[in-house]
Number of protein chains: 2
Amino acid sequence: MYRTHTCGQLRIENAGESVCLSGWVQKVRKLGAMTFVDLRDRYGITQLVVEESAPEEIKNNVAKLGREYVIQVRGTVIERASKNNKIPTGDIEISVNELTVLSESETPPFTIEDQTDGGDELRMKYRYLDLRRPIVRKNIELRHRMAQLVRNYLSNQNFIEVETPVLVKSTPEGARDFVVPSRMNQGQFYALPQSPQTLKQLLMVSGFDRYFQIVKCFRDEDLRADRQPEFTQIDCEMSFVEQEDILDTFEGLIKHLFKEIRNVDIPTLPRMTWIDAMEQYGCDKPDIRFDMKFVDLTNVAKGKDFAVFNEAEYIGAICAPKCAGYTRKQVDELTEFVKRPQTGAKGLVYVRYNEDGTFKSSIDKFYTPEDLKIWADACKAEPGDLLLILVGPKFKTLAQLCDLRLEMGSRLGLRDKDVFKPLWVVDFPLLEWDEETQRFYAMHHPFTSPKPEDISLMTTDPGKVRANAYDMVINGVEVGGGSIRIHDSALQSKMFDCLGISHETAQEQFGFLMGAFKYGAPPHGGIAFGFDRLASMFAGLDSIRDVIAFPKNNSGRDVMLDAPSEIAKEQFDELGIQLKTN
Amino acid sequence: MYRTHTCGQLRIENAGESVCLSGWVQKVRKLGAMTFVDLRDRYGITQLVVEESAPEEIKNNVAKLGREYVIQVRGTVIERASKNNKIPTGDIEISVNELTVLSESETPPFTIEDQTDGGDELRMKYRYLDLRRPIVRKNIELRHRMAQLVRNYLSNQNFIEVETPVLVKSTPEGARDFVVPSRMNQGQFYALPQSPQTLKQLLMVSGFDRYFQIVKCFRDEDLRADRQPEFTQIDCEMSFVEQEDILDTFEGLIKHLFKEIRNVDIPTLPRMTWIDAMEQYGCDKPDIRFDMKFVDLTNVAKGKDFAVFNEAEYIGAICAPKCAGYTRKQVDELTEFVKRPQTGAKGLVYVRYNEDGTFKSSIDKFYTPEDLKIWADACKAEPGDLLLILVGPKFKTLAQLCDLRLEMGSRLGLRDKDVFKPLWVVDFPLLEWDEETQRFYAMHHPFTSPKPEDISLMTTDPGKVRANAYDMVINGVEVGGGSIRIHDSALQSKMFDCLGISHETAQEQFGFLMGAFKYGAPPHGGIAFGFDRLASMFAGLDSIRDVIAFPKNNSGRDVMLDAPSEIAKEQFDELGIQLKTN
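Just so it is clear, the structure is predicted and the values come from calculations on it, not from any experiment.

Undergrad: Before we move on, can you summarise the sheet that holds strand 3 (residues 44-50) of chain A with the specific residues and values?
TA: Residues and elements named next belong to chain A. Strand order in the closed barrel formed by five strands is 1-2-3-5-4, and the pairing between neighbours is mixed. With strand direction ignored, the average angle separating the axes of adjacent strands in the sheet is 55°. For strand 2 (residues 34-41) and strand 3, the ladder comprises seven bridges, and the chain directions are antiparallel. Residue pairing across strands places Val 37 opposite Leu 48, the latter belonging to strand 3. Relative to strand 5 (residues 92-103), helix 1 (residues 56-64) is tilted by about 70°, and along the sheet it contacts strand 2, strand 3 and strand 5.

Here it is as structure tokens:
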């Protein structure tokens, strides 16, 4: 061992001991004839001192040190003259009597400090140096701790982690698969799993009862902000359960994580139906750290001389508390915000409910103060508040209002990263209609069970069928989702019918699952959490990249490894493939 | 929840309680007007009884039950008239007053019992049914338990599990890569990792200090018996350590596993040099559950009139205790054994050392009893023992003798699966010469460090250089291996020179690692255990397949999923590849 202690370990109690430390040179300071070196490792920083009286050899060695040199020192722990109460080892330093350079370092391309001068691209290319920065390292450590907590919590509840295969079968339904050409079965391809969904269902058929896996999944999608082609799920499945049992079990898990990691006691999670979430928050992942729910003014705001409102399918408002004093400029900014292409509203109507009880709005010529008072009352607005109103087709407008609400939440400081408000969103629709392809798609996936009372609607009004499906949402982010599954092959066939998947295709792609259901399948259901997302939330980060040791960029490249890359001709030949020739 | 208890839970203390159970029908027996049902789940079997007095509806339902039906019952726990002491629930049964069929089952293609009538192929096709067999399920449970023990043991020693990427860069040096065509970077390919070797070394450069990961690795090799294209490693790496520190740390881990899983106290692991292992056991993974070490007779057995011996590079013997009485037929069997193509000896010489002190050998006409006595003494043989002798080129003959020794060990019952004899094999050669390609290859991998005292031999006599490399061997199986790594780019370059890898190729393939070494790399080393192999050994199995939930067959196929399979034309087009056209 190249050390007796780590750089985070020594305290005043160790004074007088002979120790050996190894680590990286964080900083070198000369003070007269003495030299101070901050030595860093994963555990902390310890100050070394090479005194005037030190042997010449050590003084020569220390003079040559640069940032990020790896050194080993022997010396004596002594009490510091001027203590540093900012670090746990700040009471002591090591008086060095032996110093060995284990490894030299060129000047690193950016500073190895929490506040670094390196840009994103440079840091990714030299990710191995970026990971030395304590702020990044801590995220990876947190991720490890969370994985351990999850594994132990679930194991203690009789869950078994089962490794499912990575080389599986391509099923084009769903997102795009990454495929792997087979050399031994030429012309055929494996796929990397988008999730172990069907395999974990087979494990239920096998009687495994309580399964989990922290597992890599793969989707070959164009990378929107903060997506990765490979990502990690906490994947779980249980047998002989109903929806309530799953919600209970995993509410327990998430509370455990919050308690252990953040020391926060999370109360029982509220439940919200999908339709309430859509109508009150405009999306299926509401941020309930703040209120500002939508108010439907469609019925009260029509019938005057304002065609825009009269012709609108939906008129919705939010009430921004204490914002009546917003300047013209501020209101204009909000108008610009909702008109951005990604939100896409045509305009914004405001109503100031002034402190003196008067109203001022952008549509004063169509509505009397009495009209506006009715709106304000509907919104439970108080003098001093500001109503913000959007109109248009219902679901489109709800989505726009959602953007506006979140923007107002941010402006008003209501989205504190250290406040956590998890909830369950339940009763999702089973199917969603796609205008372009003129067919229904499974909102979660084709194995999700309809609510028993809605099964008859599958043939008459498929869009109305509710699913036994649920998402866990925290602070406006979907961190997990799942469903009770179909466990009988007749109902599964009916589901494929609804999705316009032919019997042949179903058989070819999911025959093994439908076959398995013929031999005694238990009722079962499960959930999968996005582990990267969850870890980044616990770390207080916006991006999942910083909780991934070696992430890929937006083009799916690992710029450090320089992957993907070209392969050799022999590899093509062995696999029996070639690049497309036209 | 579809149950109040599991099928392994109820005891005599529960008598009188109303309970609800769910599970699979293992067996139905009619006994007069009563019907008994064995209900099975992951936790055990509980006997249900439908009494004569039960409502007609239940009697009708129970009459329809078949094997593997999934049912839910409610009833009362009662004491059994005739107890079954073979199962933990054998004192009680459930008097059923409600029975619901949750899922019917067709007759399964094989019996769901430890001793099944299903052949290997059938069981793999219906692996989800095979996994219901308690004997298979227990292996998967054991694997989970081992993974938990490993994770907690290492975490408690400050190791951090870091997920390394699955989509990495192809490096043709080593085994064959599985590759993944990139859609976003057409014409380029990711590779699936053969191991996270270079990435874990980068984590050491990053200062992570103690890393582990239970991780899937991939090799596209022709599948010899008991290999899988995807397999799992316990992959570990440490910084600021020497070989001794690694051996200590992971000896601790393996002792912990033996204690927890098998309740066996393993003493300190013996160390054996690679050359001793080769000369005494004929292979680098000696089975030391039994002795029967090789004796080199080259010097004592030459110089008589027997050309075969006189011309041989090497003459080696093993002494089979108490086998002098072997019949002619038994000796012939051994001769046939060594002449099999996979062993490849030309013949076998035997010397019976009879109980009465006389000798009988297959080469009596060349050697006197006095000659043979000298051999017997060299072998420390006693009257009643049998010497078995092979001759030929040294390393080839050692390997043949190894086969023979293991065969004799098996015949003599010296290879008990419940006896575990782990050891470390150390001081491996750094390089091995390949006749065919006329170049050196890395015996472990190109990042393995030579012993410092042997570095000068790298230019003068590369074949003689010993590596800081080690394997953990248990009962003749290599369960883990590793090395101290090179941590300086100059030595790494020298190593690539020895391997005939040009600077350009090294830069292209491993530039990121050589680059990383320029910014302060700590001394580091590690080890990787084959987790499938380790689990199968702890389970007392010969094959790794039974500790893998969904294994592939010898052609790399998953016959249950029917993967690999053909993919759609659009998938080819999107990836910009096609099948080879000539």
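Still to come is the rest of the account.
Undergrad: Describe helix 14 (residues 503-516) of chain B, and please don't skip the residues or the numbers.
TA: Taking 1.5 Å of rise per residue, the 14 residues of helix 14 of chain B would be expected to cover 20 Å, yet its terminal C-alpha atoms sit only 16 Å apart, more than 12% below that figure. Of all the bends in helix 14 of chain B, the largest measures some 90° and sits at Phe 510 of chain B. Those residues of helix 14 of chain B lying buried are Ala 506, Gln 509, Phe 510, Gly 511, Phe 512, Leu 513, Met 514, Gly 515 and Ala 516 of chain B. Against the buried residues of helix 14 of chain B lie helix 3 (127-130) of chain A together with helix 5 (197-205) and helix 13 (489-498) of chain B.

Undergrad: How would you sum up the packing of helix 4 (residues 134-156) of chain A against helix 4 (residues 134-156) of chain B? Please name residues and give values.
TA: At a closest axis distance of 11 Å, the pairing of helix 4 of chain A and helix 4 of chain B adopts a crossing angle of 140°. Taken as axis vectors, helix 4 of chain A and helix 4 of chain B run oblique relative to one another. Relative to helix 4 of chain B, the crossing made by helix 4 of chain A is left-handed. Contacts between helix 4 of chain A and helix 4 of chain B involve His 144, Gln 148, Arg 151, Asn 152 and Ser 155 of chain A on the former and, on the latter, His 144, Gln 148, Arg 151, Asn 152 and Ser 155 of chain B. Here the residues of the contact of helix 4 of chain A with helix 4 of chain B sort into no nonpolar, eight polar and two charged.

Undergrad: Please give an account of the interface of chain A and chain B that cites residues and values.
TA: At the interface, 125 residues of chain A touch 125 residues of chain B. Taken over both partners, the interface formed by chain A and chain B buries close to 11,200 Å², and the fraction arising from carbon and sulfur atoms is 58%. Ranking the residues of chain A by area buried against chain B places Glu 163, Phe 240 and Tyr 519 of chain A at the top, with a combined share of 8%. Counting across the interface, chain A meets chain B through 81 residue pairs in polar contact (both at pLDDT 80 or more).

Undergrad: Outline a positive patch on the surface, supporting the account with residue identities and numerical values.
TA: Residues Arg 219, Arg 224, Arg 227 and Lys 285 of chain A make up a contiguous surface patch of positive charge. Inspection of the secondary structure puts Lys 285 of chain A in the loop between helix 7 (274-281) and strand 12 (295-296).

Undergrad: An account of the side chain of Asp 220 of chain B is requested, with residue identities and associated values reported.
TA: With respect to the element layout, Asp 220 of chain B can be found in the loop between strand 9 (210-218) and strand 10 (230-239). On the basis of relative accessible area, Asp 220 of chain B is assigned to the buried category, the value being 3%. Within the structure, the side chain of Asp 220 of chain B is placed 3.2 Å from the side chain of Arg 183 of chain A, a separation counted as a polar contact. If near-sequence neighbours (up to four positions away) are discounted, Asp 220 of chain B is found in contact with Arg 183 and Leu 575 of chain A together with Arg 176, Asp 177 and Phe 178 of chain B.

Undergrad: Break down the UniProt feature "binding site: L-aspartate" (unreviewed entry) in chain A for me, with residues and values.
TA: Residues and elements named next belong to chain A. The UniProt record annotates "binding site: L-aspartate" (unreviewed entry) at Glu 173, Arg 219, His 444 and Arg 485. As for its placement among the helices and strands, Arg 219 is situated in the loop between strand 9 (210-218) and strand 10 (230-239). With residues up to four places along the chain from it excluded, the contact list for Arg 219 reads Ala 175, Arg 176, Phe 178, Gln 194, Pro 229, Phe 231 and Gln 233. Excluding residues that lie within four positions of it along the chain, Arg 485 makes contacts with Gln 197, Lys 200, Gln 201, Cys 236, Glu 237, His 445, Phe 447, Ser 449, His 524, Gly 525, Gly 526 and Ile 527.

Undergrad: Can you explain helix 13 (residues 489-498) of chain A? Please cite residues and give values.
TA: Residue and element names in this part refer to chain A. For helix 13, a buried count of seven out of ten residues is recorded, marking the element as mostly surrounded by other parts of the structure. Among all positions of helix 13, only Ser 489, Leu 491, Gln 492, Ser 493, Met 495, Phe 496 and Cys 498 are buried. Buried residues in helix 13 make contact with strand 18 (431-434), strand 19 (439-442), helix 12 (457-460) and helix 14 (503-516). Where helix 13 starts, the residue carrying a side-chain oxygen 2.9 Å from the main-chain nitrogen of Ala 490 turns out to be Asp 488. Phi turns positive one or two residues past the end of helix 13, at Gly 500, with a value near 65°.

Undergrad: Could you give me a rundown of the relation of the copies chain A and chain B, with the residues and numbers involved?
TA: For the pair of chain copies, the relating transformation is a rotation about an axis with a translation along it. Of the transformation placing chain A onto chain B, the axial shift is 0.0 Å and the rotation is 180°, giving an RMSD of 0.1 Å. The symmetry that links the two subunits is that of a two-fold axis. Taken as a fraction of all interface residues of chain A, those also at the interface in chain B reach 100%, which identifies the copy contact as same-surface.

Undergrad: Give a detailed account of unusual backbone geometry, specifying residues and quantitative values.
TA: Residue and element names in this part refer to chain A. In this model, Ala 563 is joined to Pro 564 through a cis peptide bond whose omega is 0°. Even without glycine at this site, Asn 158 takes up a positive phi of about 70°. Structurally, Asn 158 can be placed in the loop between helix 4 and strand 6 (160-161). Classification of Asn 158 as partly exposed rests on a relative accessible area of 41%. With phi around 60°, Phe 240 is a residue other than glycine that occupies positive phi space. Inspection of the secondary structure puts Phe 240 in the loop between strand 10 and helix 6 (243-262).

Undergrad: Got a sec to walk through the packing of aromatic side chains? Specific residues and values, please.
TA: The final tally for this structure, using the stated rule, is 44 aromatic pairs over all chains. Look at Phe 306 of chain A and Tyr 367 of chain A: their rings are 6.4 Å apart centre to centre, the planes differ by 90°, and that puts the pair in the edge-to-face class. Taken together, the residues Phe 306 of chain A in the loop between strand 12 and helix 8 (307-310) and Tyr 367 of chain A in the loop between strand 15 (359-361) and helix 10 (369-378) connect sequence positions 61 residues apart. Take Phe 306 of chain A: its relative accessible area is 12%, and that puts it in the buried class. Taking 6.3 Å as the distance between ring centres and 20° as the angle between the ring planes, the aromatic pair formed by Phe 420 of chain B and Phe 538 of chain B counts as stacked.

Undergrad: Go over the UniProt feature "binding site: ATP" (unreviewed entry) in chain A with me, naming the residues and quoting the values.
TA: The UniProt entry lists Arg 219, Asp 220, Glu 221, Gln 228, Glu 478, Gly 530, Phe 531, Asp 532 and Arg 533 of chain A under the feature "binding site: ATP" (unreviewed entry), expressed in the numbering used here. Not counting the four nearest positions on each side in its chain, Asp 220 of chain A is found in contact with Arg 176, Asp 177 and Phe 178 of chain A together with Arg 183 and Leu 575 of chain B. Tracing the backbone shows Gln 228 of chain A in the loop between strand 9 and strand 10. Assessed through its relative accessible area of 7%, Gln 228 of chain A is described here as buried. For Gln 228 of chain A, the contacting residues outside a window of four places in its chain are Leu 223, Ile 544, Arg 545, Ile 548, Pro 551 and Lys 552 of chain A.

About the thresholds
Residues numbered from 1 in each chain as written. Chains lettered and ligands numbered in written order. Predicted model: local features only at pLDDT ≥ 70, side-chain atom pairs only at ≥ 80, totals over all residues. Heavy atoms only, no water. Pairing = 2+ DSSP bridges. Helix = DSSP H or I, 4+ residues; strand = E, 2+ residues; numbered from the N terminus. Axes fitted to C-alpha atoms, helices over the stretch in contact; angles between N-to-C directions. Contact = heavy atoms within 4.5 Å. Expected span 1.5 Å × (residues − 1). Bend = angle between axes of the 7 residues up to and from the residue. Buried < 20%, exposed > 50% of the residue type's maximum accessible area, 1.4 Å probe, protein only. Parallel < 35°, antiparallel > 145°, perpendicular 65-115°, else oblique. Left-handed = near helix turned anticlockwise from the far one by under 90°. Nonpolar A, V, L, I, M, F, W, Y, C, P; charged D, E, K, R; others polar. Buried area = accessible area lost by both parts, 1.4 Å probe. Polar contact = N/O pair within 3.5 Å; in protein donor to acceptor, adjacent residues only side chain to side chain. Patch = residues over 30% accessible without salt bridge, like charges linked within 9 Å, V, L, I, M, F, W, Y side chains within 5 Å. Areas by Shrake-Rupley, 256 points an atom, 1.4 Å probe, with all protein chains shown as cover. Salt bridge = Lys/Arg side-chain N within 4 Å of Asp/Glu carboxyl O. Lys, Arg positive; Asp, Glu negative; His and termini not counted. Charge placed at Lys NZ, Arg CZ, Asp CG, Glu CD. UniProt positions renumbered as here; feature names shortened; annotations may be inferred. Least-squares fit on C-alpha atoms with pLDDT ≥ 70 in both. Phe/Tyr/Trp six-rings, centres within 6.5 Å; stacked < 30°, edge-to-face > 60°.

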